[in-house]
Amino acid sequence: IGQSYQSRDIYAIEMTSAVGGYKPPIIFSSLIHAREPGGNSVLIDFANWLVDNYDGGDTRAAYILDNSTLYFIPIGNPDGYEYNMPGGGYHRKNMNFTLGDGVDLNRNWGYMWGYDDYGSSPNPGDETYRGTAPFSEPETQVQRDFIIALEPIAAMSYHTYGGYLLYPWGYDDIYTPDDALFDSWAIQMTAGNGYSYGTAWEVLYNSNGDQLDWSYSGQDAPKVYCMTPEVGDNGFWGSQNDTTEIERICDEC
């Protein structure tokens, strides 16, 4: 669907069934932060679960694929992910080292970009450096354009870690008009895994210029009901050399 700063391809996988006509799109993405492959594990596990269970294994899988078109973006930051390999480095940002050590791609989205210097940073050396302008980075441009073209009704953006389920707003201590709806979904979605849920500022901290707020804002495309699972509780890379732990976080999500 596009290329990264270092010209690596960014892929999307389309998945649906042959049943029906138009089916609303839903996007699942991960690894916008290079050190968070636990989200990728969960995303791919869910895609595999749908395939394995479509024919008779689980009626939920059939319902999902017969009534929606899913798009999986497994690696949103391929340059940073490659940079961290194979030893499990802790680089978070992309590889645009023009001003510092990269841009935090989850502070580079256009809605409320640079709202304050707490939810993102103007300092190129900081972990939450937001870049020189909204959508200054090719990786965020790629996903923005993909979302605008698809007009999805919902999205899940996977991160690690902590065992949380987050939803807008993140940029300030305010609730969206859909907060009760997000709450009702979150109660059901966390019933089996015990994740804490709420807005980013309720559960963790404020963030501005992030994918969650932009998707919901309706700024450049119709409003997307977007949520962020913060997968697992074993650190950013903590589960990647432990098959048992990977299976656990996949099961709980």
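(A) Main features of the packing of helix α1 (residues 37-53) against helix α8 (residues 243-252). Relative orientation of the contacting elements α1 and α8 amounts to 60°, with a least axis distance of 9 Å. Here α8 runs oblique to α1, going by the angle between their axes. As for the relative orientation of α1 and α8, their crossing is right-handed in sense. Residues G38, S41, V42 and D45 of α1 touch α8, and the partners they reach there are I246, I249 and C250.

(B) How the structure looks around the environment of P124. Summarising the element assignment, P124 is placed in the loop between α3 (78-84) and α4 (138-150). C-alpha of P124 to C-alpha of D104: the two residues are 20 residues apart in sequence and 9.4 Å apart in space. Here P124 is in contact with K93, L99, G100, D101, G102 and Y129, once residues within four sequence places are set aside.

(C) Expanded view of helix α5 (residues 179-189). Looking at α5, one finds that the buried residues are D179, F182 and A186. An end-on view of α5 places all buried positions within 60° of arc, on one side of the element. Exposed and oriented more than 90 degrees from the buried face of α5 are A180 and Q188. Packing partners of the buried residues in α5 comprise β7 (164-167), β8 (196-199), α7 (211-217) and β9 (225-231).

(D) Quick look at the nonpolar core. I27, F28, L50, L70, F72, Y158 and M227 are the most contacted members of the largest nonpolar core, which has 44 residues in total. With residues near it in sequence (within four places) discarded, F28 still touches L43, F46, L70, Y71, F72, I73, M156 and Y158.

(E) Focus on the layout of surface pockets. In this structure, the largest pocket spans a volume of roughly 1200 Å³. Around the largest pocket sit 33 residues that line it, and F28, F46, I64, M156 and M189 are the ones nearest its centre. Secondary-structure elements contributing two or more residues to the lining of the largest pocket are β4 (25-30), α1, α2 (59-67), β6 (154-160), α5, β9 and α8. Class assignment for the residues of the lining of the largest pocket results in 23 nonpolar, 6 polar and 4 charged.

(F) The pattern of salt bridges, seen in detail. This structure, assessed with the given rule, holds 12 salt bridges. When salt bridges that share partners are traced, they join D233, E245, R248 and E252 into one network.

(G) Here's a closer look at the packing of α1 against α2. It is at 8 Å that the axes of α1 and α2 come closest, and there the two elements cross at 105°. Overall, the two elements α1 and α2 adopt an arrangement that is roughly perpendicular. Each of F46, W49, L50 and N53 in α1 lies in contact with α2, whose residues at this interface are R60, A61, I64 and L65. Per-class residue counts for the contact of α1 with α2 are 6 nonpolar, 1 polar and 1 charged.

(H) Examining unusual backbone geometry more closely. Here the amide bond leading from T160 into Y161 is cis, since omega sits at 5°, within 30 degrees of zero. By the element assignment, Y161 lies in the loop between β6 and β7. A cis amide bond, omega -5°, links P168 with the succeeding residue W169. As for its position among the elements, W169 is in the loop between β7 and α5. One non-glycine residue, L31, adopts positive backbone phi at about 55°. Relative to the assigned elements, L31 resides in the loop between β4 and α1.

Rules and cut-offs
- Residues numbered from 1 in each chain as written.
- Predicted model: local features only at pLDDT ≥ 70, side-chain atom pairs only at ≥ 80, totals over all residues.
- Heavy atoms only, no water.
- Axes fitted to C-alpha atoms, helices over the stretch in contact; angles between N-to-C directions.
- Helix = DSSP H or I, 4+ residues; strand = E, 2+ residues; numbered from the N terminus.
- Parallel < 35°, antiparallel > 145°, perpendicular 65-115°, else oblique.
- Left-handed = near helix turned anticlockwise from the far one by under 90°.
- Contact = heavy atoms within 4.5 Å.
- Buried < 20%, exposed > 50% of the residue type's maximum accessible area, 1.4 Å probe, protein only.
- Arc of directions from axis to C-beta.
- Core = buried A, V, L, I, M, F, W, Y, C linked by side-chain atoms within 4.5 Å.
- 1 Å grid on protein atoms, 1.4 Å probe; cavity = no way out; pocket = protein on both sides within 12 Å on 5 of 7 lines; lining within 4 Å.
- Points joined across faces, edges and corners; volume = space filled by probe spheres on them.
- Nonpolar A, V, L, I, M, F, W, Y, C, P; charged D, E, K, R; others polar.
- Salt bridge = Lys/Arg side-chain N within 4 Å of Asp/Glu carboxyl O.

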